[in-house]
Amino acid sequence: MIDKKDWLAYDTEEMVVADKDVLWHHLKPHRVFDAAEQMIIVEGKGIMVTDIRGREYMDATSGGVWSVLVGYGRDSIAEAVCEQLKKMPYFAGVFGNVPSIKFAQKLLEKLPNHDKVYFSNSGSEANEKAFKIVRQASRISPDRKGKYKIMFRDRDYHGTTIGAMSATGQAQRREGFGPFLEGFVEFPHCACYRCPHGKNYGDCDIECARKVEDIILKEGPGTIGGMIVEPITAGGGILKPVPEYYPILQGICKKYDIWMIMDEVVCGFGRTGKFWGHEHYDVDPDIITMAKGLASSYEALSATVVKQKIYDVFLCDPSDPEDRLNYFRDISTYGGCTSAMIAALESTRIIEEENLLGNTIEVGAYMIEKLEALRKYNCVGDVRGEGLFAGIEFVQDKVTKEPVTESQMAQLMGNVMAQNVIVGRTNSSFHGLNNTMNLAPSLIITKDQVDIIVAAVETAIQKTFG
Ligand SMILES: Cc1ncc(COP(=O)(O)O)c(C=O)c1O
């Protein structure tokens, strides 16, 4: 028997069997475990992880979903969290706590045009808060009466809850979970490689942005209150809009008084070489949501950050019976939990003091240059990205751009993994378009490590496609 107090101890064979018996894994068809053992990760250091069988892997995904920005095994985060837990583990966010104040101050230092921070637990929840803010404002603000609808973009992902799924432009992720919420309006994506308007950049008048106005006019501008976008679409295939895109889109939003919600859940905190993904553009969102890299996933934390004008909508008069309920009536048990704030403060300190943005710019450019060289293979249709965030779109043929099949993609991924390198991919997102491999290593990665990852991808390409 394992001593109950030694929670880090385990018996390998027992864990392998119990994994199948008791766990329901995320985004996994469990029949695969009839023939294969689930990989159980037990340890991490830097950008390396070790599984329960003792195999070591180089992780080019920052923990599977691009979030462990400062790498694994940061004692200083663990120690800071431990100290805080001993002092004060929890009290609900209806009261204040010192770590939340300090981290909100830090966030606003990084977002000088924004004024108030609302904490929650996950990216989905941060986006739900943004939607609730838009909806409640459409009830209580005389200027925004009836503006309850949220626009969202094809191929973007905003989370797993029914509200966030209602705002998600990924047909396969949504399949089977409808009906979705009323009041969410989709507009086309802006990926040049598969331009929804059949145009080429340089000769297109940025229709992907301009034509959104037609949809707004058709829907009724007086009904639309918010528009959510990812600065660079992540799970939808690492799609980076052209420089003109966001200024045009925001111009349209301003014209119709639509609050722009920037989902920085993946791009925020340095992933793309700037602290925020939207800083690559001349754009100033009204609401910014964030999660994942906020605390480098050492703790669960998300935030919804707004401008003063939005906060002011909710400044009701408690003594007025007509007005007293017009504050933001929302709560999240773990939103603002003390130890998550400490993890976020320490993770952010590491990002700043180790100049991880500088590393992301330098090593990211190196990584993308090396990936660009893979275009020599007929199966590599497109290579795109920014900073330490890159996608390779695989096709049957460069000219027709016909995507590779699911089974070719699965083989390719398996062939990378067989070399002890973990990469990601568009996964159960689209019908026929889950053909982008993505690389998003921790921001501490070195050029030598990039060489190992890209070599593994190249070998896998040769093995899979001949
Ligand atoms: C852009 C984006 N927004 C929101 C989410 C949802 O975050 P969470 O899984 O923490 O709810 C994700 C998750 O991958 C994401 O990629």
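About the thresholds
Residues numbered from 1 in each chain as written. Predicted model: local features only at pLDDT ≥ 70, side-chain atom pairs only at ≥ 80, totals over all residues. Near = placed C-beta within 6 Å. Helix = DSSP H or I, 4+ residues; strand = E, 2+ residues; numbered from the N terminus. Nonpolar A, V, L, I, M, F, W, Y, C, P; charged D, E, K, R; others polar. Pairing = 2+ DSSP bridges. Buried ≥ 20, exposed ≤ 12 C-beta atoms within 10 Å, placed from the backbone. Contact = placed C-beta atoms within 7 Å. Domains from an automatic or database assignment. Axes fitted to C-alpha atoms, helices over the stretch in contact; angles between N-to-C directions. Left-handed = near helix turned anticlockwise from the far one by under 90°. Parallel < 35°, antiparallel > 145°, perpendicular 65-115°, else oblique. Expected span 1.5 Å × (residues − 1). Arc of directions from axis to C-beta.

S.K.: Describe the site of the ligand, with residues and values.
M.R.: Surrounding the ligand, one finds 16 residues, the nearest of these being S122, G123, S124, G159 and V265. Per element, the largest residue contribution to the shell around the ligand is three residues, and it comes from helix α6 (residues 123-140). The residue inventory of the shell around the ligand, partitioned by class, reads six nonpolar, eight polar and two charged.

S.K.: Got a sec to walk through the sheet that holds strand β3 (residues 56-59)? Specific residues and values, please.
M.R.: Sheets are built from strands paired through backbone hydrogen bonds, the pairs being either parallel or antiparallel. In space, the four strands of this open sheet follow the order β1-β2-β3-β13, with mixed pairing throughout. Every interior strand has two partners, whereas the edge strands, β1 (41-45) and β13 (421-422), have only one. For β1 and strand β2 (residues 48-51), the ladder comprises four bridges, and the chain directions are antiparallel. Of the residues in β2, the one forming a bridge with G44 is V49.

S.K.: If you had to explain the sheet that holds strand β12 (residues 390-394) to someone new, which residues and values would you point to?
M.R.: Read across the sheet, four strands follow the order β11-β12-β15-β14 without closing on themselves; strand pairing throughout is antiparallel. Strands at the two margins of the open sheet, each flanked by one partner only, are β11 (380-385) and β14 (424-425). Alignment of β12 against strand β15 (residues 436-439), held across four bridges, turns out to be antiparallel. Looking at β15, one finds that A390 is bridged to L439.

S.K.: Which residues make up the environment of E402, and what values do they have?
M.R.: Secondary-structure assignment places E402 in the loop between β12 and α15 (406-417). Note on E402: 13 C-beta atoms within 10 Å, which makes it partly exposed. Between the C-alpha atoms of E402 and N113, which are 289 residues apart in sequence, the distance is 43 Å. Discounting residues that sit within four places of it in the chain, E402 has contacts with V395, Q396 and D397.

S.K.: For the domain arrangement of the chain, give the residues involved together with the corresponding values.
M.R.: Examined at the domain level, the chain breaks down into domain 1 (12-70 + 356-465) and domain 2 (77-353). On a C-alpha basis, the centres of domain 1 and domain 2 stand 27 Å from each other. Each side of the interface is counted separately: domain 1 has 31 residues, and domain 2 has 27 residues. Secondary structure elements with two or more residues in the side of domain 1 that touches domain 2: α3 (62-66), α14 (356-372), β11, β12 and β15.

S.K.: Can you tell me about the packing of helix α5 (residues 98-110) against helix α13 (residues 338-353), naming the residues and giving the values?
M.R.: The description of two packed helices rests on the angle between their axes and on the distance between the axes. Packing of α5 against α13 leaves a shortest axis separation of 8 Å and a crossing angle of 35°. Where α5 crosses over α13, the handedness of that crossing is left-handed. Facing α5, whose interface residues are P99, S100, K102, F103 and K106, α13 presents T338, M341, I342, A344, L345 and T348. Tallied by class, residues from the contact of α5 with α13 come to six nonpolar, three polar and two charged.

S.K.: With reference to specific residues and values, describe the environment of D156.
M.R.: Relative to the assigned elements, D156 resides in the loop between β5 (149-153) and α7 (162-166). Taking the C-alpha atoms as reference, D156 lies 9.8 Å from S429; in sequence the two are 273 residues apart. Dropping the residues within four chain positions of it, D156 is found in contact with T168, G169, V229, E230, T233 and G236.

S.K.: Residues and numbers for the packing of α14 against helix α16 (residues 447-465), please.
M.R.: As a packed pair, α14 and α16 sit with axes 10 Å apart at the nearest point and diverge in direction by 25°. The orientation of α14 with respect to α16, classified from their angle, is roughly parallel. Crossing of α14 over α16 shows right-handed handedness. Contacts between α14 and α16 involve V363, Y366, M367, K370 and L371 on the former and, on the latter, K447, V450 and V454. Here the contact of α14 with α16 is composed, by residue class, of six nonpolar, no polar and two charged.

S.K.: Tell me about α16, and name the residues and values.
M.R.: Helix length check: α16, at 19 residues, gives a terminal C-alpha distance of 27 Å against a target of 27 Å (1.5 Å per residue), a fit within 8%. Among all positions in α16, only Q449, V450, I453, V454, A456, V457, A460 and I461 are buried. Considered in projection along α16, the buried side chains sweep an arc of 150° and stay on one side of the axis. Of the residues in α16, the exposed ones pointing more than 90 degrees away from the buried face are K447, D448 and Q462. Residues of α16 that are buried make contact with β3, α14, α15, β13 and β15.

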